[in-house]
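Report on the structure
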Amino acid sequence: MELSVAMAALPAPAEEVRAVVVVPARDEELRIGACLAALVGQVEILPEEYELIVVLDRCEDDTEGVVERFRERPDGPAIHVVPGPGQGAGQARATGMDIACARLEGVGRRDAILASTDADSVDAPDWIARQLEAMADSTEALGGAIHLD
């Protein structure tokens, strides 16, 4: 799907948005629930201050169904779903990051962050807050360790 078409299909971001998290996913129905639960449960940031973009990259399982159940929750951040190019995690992540960047630029949020995690990851409850804190100190890029289970 062309980037402009994917963008047009999404509602505008909230003016309060300070972070957009991209989650590329292909056939992750068994793990994406834990990932989204961790992201929806972030602390030290209000739900309207961040949103999630899940890039479904040619899924053949019920990954989309799991994501939809999280989208139906009324008290969490906005969760958007876009199709990936079907060329693997790197291209799916790039698609999501391009959309996220355009959304933030569209509301004039040049001080916001773009973050990405994998659909089979479980991020710390303060993951977004710590990134915002680091970026407020003029950090331009931030990486972290991944601990495999």
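Above this text sits the structure in question.
The notes below deal with the structure included here.

Thresholds applied
- Residues numbered from 1 in each chain as written.
- Predicted model: local features only at pLDDT ≥ 70, side-chain atom pairs only at ≥ 80, totals over all residues.
- Heavy atoms only, no water.
- Disulfide = S-S within 2.5 Å.
- Pairing = 2+ DSSP bridges.
- Helix = DSSP H or I, 4+ residues; strand = E, 2+ residues; numbered from the N terminus.
- Right-handed = clockwise from strand over helix to strand, strands pointing away.
- Axes fitted to C-alpha atoms, helices over the stretch in contact; angles between N-to-C directions.
- Contact = heavy atoms within 4.5 Å.
- Buried < 20%, exposed > 50% of the residue type's maximum accessible area, 1.4 Å probe, protein only.
- Polar contact = N/O pair within 3.5 Å; in protein donor to acceptor, adjacent residues only side chain to side chain.
- Core = buried A, V, L, I, M, F, W, Y, C linked by side-chain atoms within 4.5 Å.

On to the state of the cysteines. Scanning all chains against the criterion turns up 0 disulfides. Not engaged in a disulfide, the cysteine Cys-35 finds its nearest cysteine sulfur in Cys-59; these two sulfurs lie 13 Å apart.

The next subject is the pairing of strand β3 (residues 78-83). Pairing of strand β2 (residues 50-56) with β3, which is carried by 6 bridges, proceeds in the parallel orientation. What sits directly across from Val-54, in β3, is Val-81. Taking the sense of rotation as the criterion, the β-α-β connection linking β2, helix α3 (residues 63-71) and β3 turns out right-handed.

Position of Val-107 relative to the elements: it lies in the loop between α4 (89-106) and β4 (113-116). Put simply, Val-107 and Glu-15 are 92 residues apart on the chain and 6.5 Å apart in space, counted from C-alpha to C-alpha.

The 4 strands lie next to each other as β3-β2-β1-β4, forming an open sheet whose pairing is parallel. A single partner strand is all that each edge strand has here, and the edge strands are β3 and β4. Strand-to-strand twist in this sheet, taken as the mean axis angle between neighbours without regard to direction, amounts to 20°. Along the sheet, α4 makes contact with β1 (19-25), β2, β3 and β4, crossing β1 at roughly 155°. Set on the sheet, helix α5 (residues 127-136) makes contact with β1, β2 and β4; between it and β4 the angle comes to about 140°.

Attention shifts here to the environment of Glu-133. By the element assignment, Glu-133 lies in helix α5. In this structure Glu-133 comes out as partly exposed when scored by relative accessible area, which is 46%. Taking the C-alpha atoms as reference points, Glu-133 and Glu-48, 85 residues apart in sequence, are found 17 Å from one another. Side-chain polar atoms of Glu-133 contact the side chain of Arg-130, separated by 3.3 Å.

So, on to the nonpolar core. Ranked by internal contacts, the top residues of the largest apolar core, which has 25 residues, are Val-21, Val-23, Ile-32, Val-54 and Ile-128. Within the residue set of this core, elements represented by two or more residues are β1, α2 (32-40), β2, α3, β3, β4 and α5. No other element matches α2, which puts 5 residues into this core. With sequence-adjacent residues up to four places away left out, Val-21 is seen in contact with Leu-39, Glu-51, Leu-52, Ile-53, Ala-115, Thr-117, Trp-127 and Ile-128. With 12 residues, the next largest nonpolar core counts Leu-10, Val-17, Val-22 and Leu-104 among its residues.

Moving on: α3. Buried within α3 we find Thr-63, Gly-65, Val-66, Val-67 and Phe-70. Buried residues along α3 sit in contact with β1, α2, β2 and β3.

So, on to the side chain of Glu-49. Among the structural elements, Glu-49 can be located in the loop between α2 and β2. Assessed through its relative accessible area of 15%, Glu-49 is described here as buried. Each residue touching Glu-49, except ones within four places of it in the same chain, is listed here: Glu-16, Val-17, Arg-18 and Ala-19.

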